[in-house]
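Working through the structure, step by step
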Amino acid sequence: MTRSRPGAQTPLTRRAVAAGLPLALATPALAQPLRLAALAQRAGLRYGTAIEPQTVESDPAFASLVLDQCDLITAENALKWNALRPDRDHFDFAAADRVAAFARRARAPMHGHTLVWHEAIPDWAIHQLRSGDPRALLVDHITTVVRRYAGRVVSWDVINEPVERNDRRPDGLRKSPWFEALGPGYLEIALRAAHAADPNARLAIADYGLEYDDIGWMVEKRGTMLDLLRGLKARGVPLHALALQGHLLGDHPPAFGAGLAAFLREVASLGLAIYVTELDVNDQNILGDIAQRDRVVADIYARFLRTVLAEPATQIVVTWGLSDRYTSKTDFAPRPDHAPVRPLPFDADLRPKPAARSLAAAFSGRTARG
Ligand code: G3I
């Protein structure tokens, strides 16, 4: 069998590229059975997805797809305050334990989401932050949760979405309930509590709106985030990664170029890893038939991952769901034409879409670059 020279374009590939498909999607070699986790591992990465326990418990075909494709599991909601904390004196780990049980079945570690966020906070906790001992509330929560999953949750979104420049603070911090109760020191309190509870866990700060070179507020947010990370590292606060959520825009041309690459290099220069923890493409405003929409989505995945995976410090890629059968964008970003949304790598029938091939090509491309 004559092997084509790496990179040689077959007639099929030439036609596909001429039709506007990125080369990565046009390469027949990627028509092989897909194993995203295996391709990621070869590239020195972990690939995984966010799940809800009820979907993998009630849908064996979907559970099999996750088991086949992923080797990192995130709880989409089960490790948030409103899932864990029915009241001040109790923890309800039932849903989180079900996600952990699936991760164990998958022989996959977990990425924990999230210990401190301005959303998903039960009303009683808001009251406690204002009238009780907010530091004890925060430290006790983090200590209890992180200790319980030590060894199974190998990395945490300790603080989610701490930056909000529209809150007009010089440091750009969001005036979250945690900030209002504890001041800017809440970040250090949370990170130190998480590290004390599980010294082996990798600790991340996660945020959205850092991805696009041509969206002004995102470029400004990158600078604010860098200042925040530099300050924490300068004070010796335990922090190991920046997590880009990666909620990409289907109706905004890809702009993941030199600016994003430079930002990631700056983050890595602080000794931090880069995580992509909520990757998806909002296709609610993409026009065209399904094939046309899927091509646009796949191209956005491909272009974003090309830049992000060129950064050696990038270690994990997690999509915010694996199949369009289960995506919160159905509720949160529905299409005006009421057609089903298609933000994820596999379709609602669990078949790989061009976006899945973009992921595969991005992982393979990183492996090829050594
Ligand atoms: O489980 C309850 C159910 O019992 C109840 O009947 C139903 C109706 O009220 O609500 C269900 O809980 C919902 C939960 O998703 C599970 O479906 C919550 O109301 C709803 O607010 C929650 O939304 C989640 C959202 O975060 C807020 O926590 C989305 O699923 C989840 O995809 C989204 O994920 C966030 C990340 O955590 C942070 N980054 C942005 C990302 C997307 O918004």
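Below, the structure is looked at part by part.

Rules used throughout
Residues numbered from 1 in each chain as written. Predicted model: local features only at pLDDT ≥ 70, side-chain atom pairs only at ≥ 80, totals over all residues. Heavy atoms only, no water. Buried < 20%, exposed > 50% of the residue type's maximum accessible area, 1.4 Å probe, protein only. Helix = DSSP H or I, 4+ residues; strand = E, 2+ residues; numbered from the N terminus. Pairing = 2+ DSSP bridges. Right-handed = clockwise from strand over helix to strand, strands pointing away. Core = buried A, V, L, I, M, F, W, Y, C linked by side-chain atoms within 4.5 Å. Contact = heavy atoms within 4.5 Å. Near = heavy atom within 4 Å. Polar contact = N/O pair within 3.5 Å; in protein donor to acceptor, adjacent residues only side chain to side chain. Areas by Shrake-Rupley, 256 points an atom, 1.4 Å probe, with all protein chains shown as cover. Salt bridge = Lys/Arg side-chain N within 4 Å of Asp/Glu carboxyl O.

What follows is about the pairing of strand E9 (residues 314-319). Burial runs high along E9: five of the six residues are buried. Strand direction decides the pairing type here: strand E1 (residues 46-51) and E9, joined by four bridges, are parallel. Across the sheet, residue Gly 48 finds its bridge partner in E9, namely Val 318. Strand direction decides the pairing type here: strand E8 (residues 273-282) and E9, joined by four bridges, are parallel. Bridging from a neighbouring strand, Tyr 275 pairs with Ile 316 of E9. Once the chain exits E8 it traverses helix H14 (residues 290-309) before rejoining the sheet at E9, and the crossover so formed is right-handed.

On to the nonpolar core, then. Ranked by internal contacts, the top residues of the largest apolar core, which has 107 residues, are Trp 156, Ile 205, Phe 263, Phe 304 and Phe 363. Per element, the largest residue contribution to this core is eight residues, and it comes from helix H11 (residues 186-197). Setting aside its immediate chain neighbours within four residues, Phe 304 contacts Glu 211, Leu 244, Gly 246, Leu 248, Phe 256, Leu 260, Val 276 and Leu 279. In this structure, Ala 204, Ala 243, Ala 273 and Val 318 belong to the second largest nonpolar core, which totals nine residues.

Below, the discussion takes up the site of the ligand. Around the ligand lies a shell of 14 residues, among which Glu 76, Lys 80, His 113, Glu 278 and Ser 328 are the nearest. In this structure, Ser 328 approaches the ligand through a side-chain N or O atom, which is 2.9 Å from an oxygen atom. Here the ligand, which alone exposes 790 Å², has 48% of that area covered by the protein.

Before going further, it helps to spend a moment on the environment of Ile 51. For Ile 51, the location among the structural elements is in strand E1. Sequence separation of Ile 51 and Ala 241 is 190 residues, and the distance between their C-alpha atoms is 22 Å. Setting aside chain neighbours within four positions, we find Ile 51 in contact with Val 56, Val 66, Ile 73, Thr 74, Ala 75, Glu 76, Val 99 and Phe 102.

The subject of this paragraph is the pattern of salt bridges. Applying the stated criterion across every chain yields a total of 21 salt bridges. For Asp 280, the salt bridge identified is with Lys 329, shortest N-O distance 2.9 Å. Here Asp 280 is found in strand E8, whereas its partner Lys 329 is found in helix H15 (residues 329-332), with 49 residues between them in sequence. Judged by relative accessible area, Asp 280 falls into the buried class, the value being 0%. Residue Lys 329 is classed as buried on the basis of its relative accessible area of 12%. The partner of Asp 349 in a salt bridge is Arg 351, and the shortest N-O contact between them spans 3.4 Å. Through salt bridges with shared partners, a single ionic network connects Glu 188, Arg 192 and Arg 235.

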